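Residue-level listing of the chains:
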Amino acid sequence: MSGVWLVLPTYNEAENVEPIVEAALPRLRAAAAHAGGGGGHHLLIVDDSSPDGTGRIADELAARHAGVEVLHRGAKEGLGAAYLAGFGHALGAGADLILEMDADFSHDPADLPRLVAAAGDADLVLGSRYVAGGGVADWGRLRRLLSRGGSAYARSVLRVPVRDLTGGFKCFHATTLRRLGLEDVRTDGYGFQIELTYRAIRAGMRVAEVPIVFSERRAGSSKMTARIALEAAWKVPQLRFRLR
Ligand SMILES: Nc1nc2c(ncn2[C@@H]2O[C@H](COP(=O)(O)OP(=O)(O)OP(=O)(O)O)[C@@H](O)[C@H]2O)c(=O)[nH]1
Ligand SMILES: [Mg+2]
């Protein structure tokens, strides 16, 4: 047993990486102790050679904290590719549970134990903004409408009951990830999040949504682009036919 792994992708998160690691570690430790198995907790930062020095700070954190590791990648290849590399590393190390979380404090590390607890009777747990008790703290009306609309669009095209398909705060069992066919995943950003959840549903797995409140990033700037959002929009109908 090799415990609970949190994969944290970073690109230019120099101001966030140290506080997020320090906030996540005790929560991850508590969650791993609760999950049992004795495999402990691991935090894997996946940095794509951030020009702002995030990778160097990550190395210092790894030297200082047991259980923190860094995967350095040569170039910015997007969120999807970073997660796939991180999942591969964690699976290779024998992980039991693997979590995804943004490194910018949009996801609250205090929610980590709730996601892990919900994995007790689900194959995939989603931190969800669009179930009772969930929400978005500080977005304007337009951003709310776009995000809700995006999830509603994907839900109706794919005909799945999940409320929040685009979120990136998740907990997978290792056995779940192994069954998703990750070697064929090419999407990025929102499309990547939608595709992984859709693959899990198509494979007949149990998907649970737990409410989370999403906040605006604490520091630094967004890497999300119109291209990534549009990619998700046109790839959703393709997913339905490709994964039929
Ligand atoms: N390694 C790596 N990490 C990335 C890449 N793109 C984004 N990330 C990280 O993925 C997480 C989510 O990216 P954000 O830019 O915050 O995107 P978002 O949260 O969807 O959008 P905002 O709400 O605007 O912040 C953050 O931790 C980023 O640093 C990438 O190409 N490589
Ligand atoms: Mg963000």
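Preceding block: the structure.
Every value quoted in this text rests on a predicted model; they were computed, and no experiment measured them.

A. Highlighting helix α3 (residues 79-92). With 14 residues, α3 should cover 20 Å at 1.5 Å per step; its first-to-last C-alpha distance of 20 Å lies within 8% of that length. Listed in full, the buried residues belonging to α3 are G80, A82, Y83, G86, F87, A90 and L91. The buried residues of α3 all sit within an arc of 160 degrees when viewed along its axis, so they share a single face. Just past α3, the residue G94 takes up positive phi, approximately 85 degrees.

B. Structural detail: the side chain of H65. With respect to the element layout, H65 can be found in the loop between α2 (54-64) and β3 (68-72). Leaving out residues up to four positions away in the same chain, H65 has contacts with E22 and L25.

C. Looking closely at the sheet that holds strand β7 (residues 170-173). An order of β3-β2-β1-β4-β7-β5-β8 is seen for the seven strands of this open sheet, with the pairing classed as mixed. The sheet terminates laterally at β3 and β8 (207-211), the two strands that pair on one side only. Sheet twist, expressed as the average angle between the axes of neighbouring strands with direction ignored, equals 20 degrees. With five bridges joining them, strand β2 (residues 41-47) and β3 adopt parallel strand pairing.

D. Here's a closer look at the nonpolar core. The biggest cluster of nonpolar side chains holds 35 residues, and the ones touching the most others in it are F87, I98, L177, L180, I194 and L196. In this view, L177 contacts F87, L91, I98, F172 and L182; residues no more than four positions away in its chain are not counted. Grouped together as the second largest cluster of nonpolar side chains are 34 residues, A23, A24, A32 and A103 included.

E. Examining the site of ligand 1 more closely. Contacts to ligand 1 come from 18 residues, most closely from E13, K76, D104, S222 and K223. A distance of 2.8 Å separates a nitrogen atom of ligand 1 from a polar side-chain atom of D48. Here an oxygen atom of ligand 1 and a side-chain polar atom of K76 are 2.7 Å apart. Structurally, ligand 1 is housed in the largest pocket. Broken down by secondary-structure element, the contributors of at least two residues to the shell around ligand 1 are β1 (4-10) and α3.

F. Geometry of the pattern of salt bridges. Evaluation of the coordinates by the stated rule reveals 14 salt bridges. Note that R64 is salt-bridged to E18, the shortest N-O span being 3.7 Å. Highlighted residues: R64 in helix α2 and E18 in helix α1 (residues 17-35), separated in sequence by 46 residues. One salt bridge connects R73 with E77, and the closest N-O pair in it is separated by 3.4 Å.

G. Examining the side chain of T176 more closely. Secondary-structure assignment places T176 in helix α6 (residues 174-178). Under the relative-accessibility criterion, T176 is labelled buried at 1%.

H. The packing of aromatic side chains, seen in detail. Within this structure, the stated rule accounts for four aromatic pairs. Note on Y83 and F87: the rings are 5.5 Å apart at their centroids and 25 degrees apart in plane angle, and the pair reads as stacked. Note that Y83 and F87 are positioned in helix α3 at a spacing of four residues, about one turn of the helix. The exposure classification of Y83 matches that of F87, with both residues buried. Three or more aromatic residues joined by ring pairs form one cluster here, namely Y83, F87, F172 and F192. The ring of F241 carries the charged tip of R240 above its face, separated from the ring centre by 5.6 Å.

I. Expanded view of the packing of helix α7 (residues 189-202) against helix α8 (residues 226-242). Contact geometry for α7 and α8: axes closest at 7 Å, N-to-C directions at 25 degrees. By the angle between their directions, the pair α7 and α8 is classed as roughly parallel. You can see that α7 and α8 cross each other, and the crossing is right-handed. Touching G189, Y190, G191, I194, E195, Y198 and R199 of α7 are I228, A229, E231, A232, V236, L239, R240 and R242, all from α8. The class makeup of the residues in the contact of α7 with α8 is eight nonpolar, two polar and five charged.

Here is what the cut-offs are and how they apply
- Residues numbered from 1 in each chain as written.
- Chains lettered and ligands numbered in written order.
- Predicted model: local features only at pLDDT ≥ 70, side-chain atom pairs only at ≥ 80, totals over all residues.
- Heavy atoms only, no water.
- Helix = DSSP H or I, 4+ residues; strand = E, 2+ residues; numbered from the N terminus.
- Expected span 1.5 Å × (residues − 1).
- Buried < 20%, exposed > 50% of the residue type's maximum accessible area, 1.4 Å probe, protein only.
- Arc of directions from axis to C-beta.
- Contact = heavy atoms within 4.5 Å.
- Pairing = 2+ DSSP bridges.
- Axes fitted to C-alpha atoms, helices over the stretch in contact; angles between N-to-C directions.
- Core = buried A, V, L, I, M, F, W, Y, C linked by side-chain atoms within 4.5 Å.
- Near = heavy atom within 4 Å.
- Polar contact = N/O pair within 3.5 Å; in protein donor to acceptor, adjacent residues only side chain to side chain.
- 1 Å grid on protein atoms, 1.4 Å probe; cavity = no way out; pocket = protein on both sides within 12 Å on 5 of 7 lines; lining within 4 Å.
- Sits in = over half its atoms within 2 Å of the grid points.
- Salt bridge = Lys/Arg side-chain N within 4 Å of Asp/Glu carboxyl O.
- Phe/Tyr/Trp six-rings, centres within 6.5 Å; stacked < 30°, edge-to-face > 60°.
- Lys NZ or Arg CZ within 6 Å of the ring centre and 35° of its normal.
- Parallel < 35°, antiparallel > 145°, perpendicular 65-115°, else oblique.
- Left-handed = near helix turned anticlockwise from the far one by under 90°.
- Nonpolar A, V, L, I, M, F, W, Y, C, P; charged D, E, K, R; others polar.

All quantities given are derived from atomic positions and should not be read as evidence of function.
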